[in-house]
Each structure stands twice: as C-alpha cells, then as structure tokens.
Amino acid sequence: MLFIYNSKVINNENVVKIKAGKRSLKEAILEVVGNPKIHLNNIGKHILLTSCESDNSDAIADSLKTKYSVIEGKLVDAINNEPIAYGSVGLSGSSLGTISNQEGIFKLIVPEVYSKSSEVLFSHLGYEQQKISFSTLNGHFSNISLQPRVMSLPEVVVKAIDPIKLIEKMRRNIENNYFMSPSYLTTFYREGIDYNDNFRSLTEAVIKLYKSPYKSVSVDQVQLLKMRKVSNYSSSDTIIAKMSSGIDASLKLDVIKDLPDFLFTYSTYNNSPSYNYKYIESTIIDGKMVDVISFTQKKNVVDPRYAGKLYITSDESALVRVEMCILPEMVKNATDMFVSKQAQYMKLTLSKVDYIINYKKFGDYYFINHVRGDIYFKAKRRKKLFNSSSIHTWFEMLPCKIDTVNVAKFSRNERISPHTVFSETVFEYDHNFWGEYNIITLEQKIEDAIRNISPKIEVMK
C-alpha cells in the first residue's frame, strides 16, 4: 500500500510516536498525521490523503473571483448554426486551453496575469481560425461562429502526392517537429460507461503527466491531482464496473511516441506494406494546410488492423491528427484485443471502435493534445437466446497546461499506475469541484443523469 499526499499539507520531516494498540487503518493514519481534517481516499493500491480545507467549494469560488477570469460560450458553424464538437479554445501565446464538448459548449479559466491583453484562438478541422480579445469575451456567455474554410482555386494545386513518401517524410521529421525533452502536462481526463444507452458511470480527474521525450524508451508517469466520480450501477452491472482504465490507453494512443504499424509503409517480413494508402484531399487545421491520407488494411491481411485518416501538415510534414477505427467486417474478430477475460455468465463481443488523436503546436514544437476513444460491445447472457445488451465505454484526455522547465520524474510516492481502475473507487461528486483547473464541459445529457441519480451518490468517509 502506497500513500499519495501533498508535502505542504503533511510534513515529511515529522517523527511521530504512537502508543501500541488496535486501530483501524484510518484511525492509525490520522493519529500519525495529527490532523483530523484529512480526507482518506482509496485508489487501487494507493491511499490519497487530502486536506478538507482544500476541497472547500466556497473558498475555491472566492479564489476564482480574485485570481482568475472565466470565458464561456458555444462554438457553432457560421453557415448552419450547428454546434462544433471538440473545437480548440486556447489562449494565444500560452499552453492554456480546452476544447468544446459534443454540444459545442466550452469554458476556459485563465489566470488574471494572462487575461488583460490576451487573445483567445478558436479553431477546428476545416474552419477558418478566429481570434478574439479576451476582454470582449470575459464575463458573459458568447456564441462563437466559425466560418467553414472553402479552398480557393489558387490554393488548390493539382499535385501528384505520393502518400507513402509523405508518411516517410513525416517520420524523418519527428525530431524537428515534436518536443524531444521531458515535459509536464497538466491534463484533464474522463471516462464513462453507458449501458443500453443509459448513463452508468462517469469518472473525471486532473492528472499531471511526466511526458518522457519522444524517441525515448522511458515510460510516461502519472500523478493524480484531483478526482471525482459518480455511478448508477444496479446489482446486475458488475461486469461493467470491472472494465479497465482508459488512462493507459490514452498514453498508448500517442502514436508519435509509440509508432503503430500503419505509420510504417513497409512490412518487416517482405518489405511490402500491410496497408493501402491514398491521398484524399487538402484541408485546414489551426490555420495550416494539411494533406489527408487514408489507410486501410489490405485484403490479404487476415488479422484485424486499423483503418482511418492521417492529417499531415504541408509545410512541416508534422502529423497533427489521426482518425482510426477497426473495419466493421473485422471488428468482431478483434474482441480478444479489448476483453482480457470473459465472465462465465456473459459473453462480450466487440461491435465498434473509434479513436481520435490530435497534436497541437505550442511554441516551436507539437505536443499530444485531445485524445478520445469510443468502444462499443454487445453483451449477451450465455444460454439466453434473446437477451443482448449494448455497452459503450469511452475516455478522453486533454492537456490544459504544458511545462517544459525544471521537469523531473515523479517519486515513487507521488505517482500512480496508469492501469489504475478509477471506476472501482468511490468519491463525492461536487459540481464546484474543479476550481481553477480547465476541463471539458459536461454534455447536458450527462449533467441531467447526474442530477437524477444524486441521492444514490456515495461518499467515502
């Protein structure tokens, strides 16, 4: 059992003696710490110790009034007024940022030191980038319209693009385009489970990542800063509660650090690619022209592979976005890739997998940005002919702040395993919980579900 705590709350140097006797683990810890206002939360094989005072929502609200400014709004298409999901919202000249949710809603919290003369940049794939002064947006809800980018004739240059050469050039330029030193990423993470289209679980956390350099064999490390969770499980939902954490999956989806086979245009066996590649079009991301390459596994490749699109900048040959899935005709055969152990009374079959991976430029280099995974299963009770259910698990991760100075690995006591299953941990759900951290705003559907089940929320004491 390992303990996680803030050394500003608990003094590491104190030497404490306590009398022998029988105590619960909680009683022993509180006696050693000497502070009855400490919260104890169990996370896998770790115990997180936090100060009650740090969770005071009124104090957080007062802090926000004096130290931070907030902008809120909705990102929409200027032509049809439809919401723009996962649009980028960032503060110009800094690494602070967030994204809009699936309903186009966003919220950006900015320290006052940045806010007075700053500009906010709004962008999304295929749209003109828009820049608005922070003072114009501050203090009220704004509807931000993005204009679809229509490629003009002078921009559309008919060129014979060899997709394989483009991918190979992208790989050769990795050291020029991506940060090659360690960095800290303060990251918002959330994962959820829907069962038969009904809300079952939501877990959210702010984690700090020690991001090892690209082209390094060192693994990334995870430090938990803050977390909340709400669930609505019934007694028959035990199979859902045991699904693995998506933090490890989010880290592994950094395809620049862990290059997948579709970024190698040749086979190690016969020097022939396992995929078909095709140039599709050119479009705009964050004001940059990008070439879009499709990839799909060849017909003679029998194992399930990914198919999707690669977005590579025309000027720097940097990979800035990947959309990928498992082909529908192959997805059933990929079940064992996602289910490590089947329950005796239930059979899970994979029905759909979708991933989106984004990279964003801060300063001179690109860093991993928004990552999202959606995984769908069909669940059928064994020996029952007409009793199937649908399960949708999803996760997403968004770095909201990047630090590249004085970066060091976390100590053993500070880090948690990326395999930690947060869904097995109970926390109080507090709508004012996040304070100054930038997060992805919850969709209304999830907010409504949380309100409806609020009497069922358990609190760890």
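Scroll up a little and you will see the structure.
Given the structure is predicted, the values throughout are model-derived calculations rather than measurements.

What counts as what
- Residues numbered from 1 in each chain as written.
- Predicted model: local features only at pLDDT ≥ 70, side-chain atom pairs only at ≥ 80, totals over all residues.
- Heavy atoms only, no water.
- Pairing = 2+ DSSP bridges.
- Helix = DSSP H or I, 4+ residues; strand = E, 2+ residues; numbered from the N terminus.
- Axes fitted to C-alpha atoms, helices over the stretch in contact; angles between N-to-C directions.
- Buried < 20%, exposed > 50% of the residue type's maximum accessible area, 1.4 Å probe, protein only.

Peer 1: Explanation requested: the sheet that holds strand β8 (residues 119-123) in the structure shown.
Peer 2: In a beta sheet, neighbouring strands are held together by backbone hydrogen bonds and run either parallel or antiparallel to one another. With respect to topology, 4 strands assemble into an open sheet ordered β6-β5-β8-β9, the strand pairing being antiparallel. Whereas interior strands pair on both sides, the edge strands pair on one side only; in this sheet they are β6 (97-99) and β9 (130-133). In this sheet, adjacent strand axes meet at a mean angle of 20 degrees when their direction is disregarded. Bridge count between strand β5 (residues 88-91) and β6: 3 bridges; the pairing is antiparallel. The residue bridging G90 from the neighbouring strand is G97, located in β6.

Peer 1: Looking at this model, I keep getting lost on the sheet that holds strand β7 (residues 105-111). Mind explaining?
Peer 2: The 3 strands are arranged β7-β4-β10 in an open sheet whose pairing can be described as mixed. Of all strands in the sheet, those bounded by a partner on one side alone are β7 and β10 (141-146). Pairs of neighbouring strands in the sheet enclose a mean axial angle of 35 degrees, with direction left out of account. Relative to β10, strand β4 (residues 68-77) runs parallel, the two being bridged by 6 bridges. Among the inter-strand pairings, E72 is bridged to a residue of β10, identified as F141.

Peer 1: Even after reading the chapter, I still don't get the pairing of strand β11 (residues 183-195), so can you show me in this structure?
Peer 2: Consecutive side chains of a regular strand alternate in pointing toward one face of the sheet and then the other. Counting buried residues along β11, 13 of its 13 residues qualify, which places the element largely inside the surrounding structure. Residue alternation in β11 divides its side chains into two sets, S183, L185, T187, Y189, E191, I193 and Y195 and Y184, T186, F188, R190, G192 and D194, and both sets are buried. Bridge count between β11 and strand β12 (residues 198-211): 13 bridges; the pairing is antiparallel. Paired with Y189 across the two strands is A205, which belongs to β12. The turn linking β11 back onto β12 is made up of 2 residues, and N196 within it adopts a positive phi angle of 50 degrees. Across 12 bridges, β11 lies against strand β20 (residues 388-403) in antiparallel orientation. Counted as the bridge partner of Y184 is D403 from β20.

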